[in-house]
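# Reading the structure
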Amino acid sequence: MNHELAIIGAGNMAEAIARGLLRAALFSRDQIAAIDPNPDRQRLFTEDLGIRCDGGKSPAACDIVVLAVKPFVIAEAIGAIRSKLRPDALIISIAAGISTKFLETTVGGTARVV
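Residues numbered from 1 in each chain as written. Predicted model: local features only at pLDDT ≥ 70, side-chain atom pairs only at ≥ 80, totals over all residues. Heavy atoms only, no water.

### Considering the pattern of salt bridges
Enumeration according to the criterion identifies five salt bridges in this entry. Its salt-bridge partner being glutamate 15, residue arginine 19 comes within 2.9 Å of it at the nearest N-O pair. Placement of the pair is arginine 19 and glutamate 15 together in helix H1 (residues 12-23), with a separation of four residues, close to one helical turn. Using a relative accessible area of 14% as the deciding quantity, one classes glutamate 15 as buried. (Salt bridge = Lys/Arg side-chain N within 4 Å of Asp/Glu carboxyl O. Helix = DSSP H or I, 4+ residues; strand = E, 2+ residues; numbered from the N terminus. Buried < 20%, exposed > 50% of the residue type's maximum accessible area, 1.4 Å probe, protein only.)

Okay, here's the thing in structure tokens:
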């Protein structure tokens with residue numbers, strides 16, 4: 001099965017995750033999309049990692065979504081993608097101190113949250 005992975009927030013932790021997934025060949029570059037407002041991080045993901053960043057298919061429409069944003073912006077980040085999330089999406093958060101209950105409530109629907 002070919003899964004598509006979205007990374008919301010392309011900071012250092014997201015970069016480490018992406019590099020690890022690519023190195024382990026768990027995902028190919030064309031199966032990963034990323035979103036980040038910082039042009040430098042967009043450039044790093046696009047040019048250094050070969051991962052599309054902000055173009056093409058909406059990353060929120062992927063079947064696996066990694067929330068790699070700072071805890072204080074997680075509600076805003078989810079709000080920006082919520083209407084585009086697949087109902088069966090797997091949402092993985094690496095935001096410190098954010099409960100799965102909060103994520104389930106904020107995401108809504110039937111998405112699975114880890």
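So that's the structure; there's more coming.
### Topic: the confidence of the model for the protein
On average, residues of the protein score 90 in pLDDT, and 95% of them reach the 70 mark or higher. Per-element confidence in the protein ranges from a low mean pLDDT of 87 for strand S3 (residues 52-53) to a high of 97 for H1. (pLDDT = per-residue confidence, 0-100.)

### Re the nonpolar core
Core analysis: the biggest nonpolar cluster contains 19 residues, and Ile8, Val65, Leu67, Ile74, Ile81, Leu85 and Ile91 have the highest contact counts within it. Counting residues per element, the ones that place at least two in this core are strand S1 (5-8), strand S4 (64-67), helix H3 (74-81) and helix H4 (100-107). Among the elements that make up this core, the one with the highest residue count is H3 (four residues). Apart from residues lying up to four places away in sequence, isoleucine 8 is in contact with Ile35, Pro59, Val65, Val66, Leu67, Ala68, Val69, Ala77 and Ile81. Core analysis: the next-biggest nonpolar cluster, separate from the first, contains 18 residues, Leu22, Phe27, Leu44 and Phe45 among them. (Core = buried A, V, L, I, M, F, W, Y, C linked by side-chain atoms within 4.5 Å. Contact = heavy atoms within 4.5 Å.)

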